[in-house]
Amino acid sequence: MPSFKPFATAANTLRARLRPSLRTRGGGGDGPSRWTSPGHEERPKGFAFSRTPPPPGESRKWEDWELPCYVTSFLTIVILGVGLNAKPDLTIETWAHQKALERLELDSDPAR
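Residues numbered from 1 in each chain as written. Predicted model: local features only at pLDDT ≥ 70, side-chain atom pairs only at ≥ 80, totals over all residues. Heavy atoms only, no water.

### With respect to the side chain of Glu66
No. 1: Looking at the secondary structure, you find Glu66 in helix α2 (residues 66–86).
No. 2: The exposure class of Glu66 is buried, given its relative accessible area of 3%.
No. 3: Polar side-chain contacts of Glu66 include one of 3.0 Å to the side chain of Arg60.
No. 4: Those residues in contact with Glu66 that sit more than four places away from it in its chain are Arg60 and Lys61. (Helix = DSSP H or I, 4+ residues; strand = E, 2+ residues; numbered from the N terminus. Buried < 20%, exposed > 50% of the residue type's maximum accessible area, 1.4 Å probe, protein only. Polar contact = N/O pair within 3.5 Å; in protein donor to acceptor, adjacent residues only side chain to side chain. Contact = heavy atoms within 4.5 Å.)

Below, the structure written as structure tokens:
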């Protein structure tokens, strides 16, 4: 069985070389990082999407993208529902069933 010592040595060397660069990029060292730079909160507020709820008696104001997104989603569902239910049945099983029925009619026709 091959020895894993060369792999372990290479992994330790790579880890030692990467460790200082990870600290400077916010990988766990002290000081500012891109995730906790000024202007960002230390902890989430505990609300969905970090939004505070509106005061009692007021409703949330819709954002600009919401109405077109909801209308488009609803129309897509309607169009797909109608279109997929109205499409012709072109499966091989349906074709074979129709042909079998035609042959049965021809075989049972007493006029022949």
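Having seen the structure, we can now continue with the description.
### Focus: the packing of aromatic side chains
No. 1: Tallied over the entire structure, the rule returns 1 aromatic pair.
No. 2: Ring centres of Trp62 and Tyr70 lie 5.4 Å apart, and the angle between their planes is 80°; on these two criteria the pair is classed as edge-to-face.
No. 3: Accessibility expressed as a relative area gives 47% for Trp62, which makes it partly exposed. (Phe/Tyr/Trp six-rings, centres within 6.5 Å; stacked < 30°, edge-to-face > 60°.)

### Some details on the environment of Arg51
No. 1: By the secondary structure assignment, Arg51 is in the loop between α1 (5–24) and α2.
No. 2: Those residues within four positions of Arg51 in sequence are excluded, and the remaining contacts are Arg60 and Glu63.
No. 3: Of note is the side chain of Arg51, whose polar atom sits 2.9 Å from the side chain of Glu63.

### Structural notes on the pattern of salt bridges
No. 1: This model, assessed by the stated rule, comprises 3 salt bridges.
No. 2: Among the ionic pairs, Glu102 bridges to Lys99, the shortest N-O distance being 3.9 Å. Of the two residues, Glu102 and Lys99 are both situated in helix α3 (residues 92–107); the distance of 3 residues between them amounts to about one turn of the helix.
No. 3: Residue classification places Glu102 among the partly exposed residues on the basis of a relative accessible area of 43%.
No. 4: Overall, Lys99 belongs to the partly exposed group, its relative accessible area being 35%. (Salt bridge = Lys/Arg side-chain N within 4 Å of Asp/Glu carboxyl O.)

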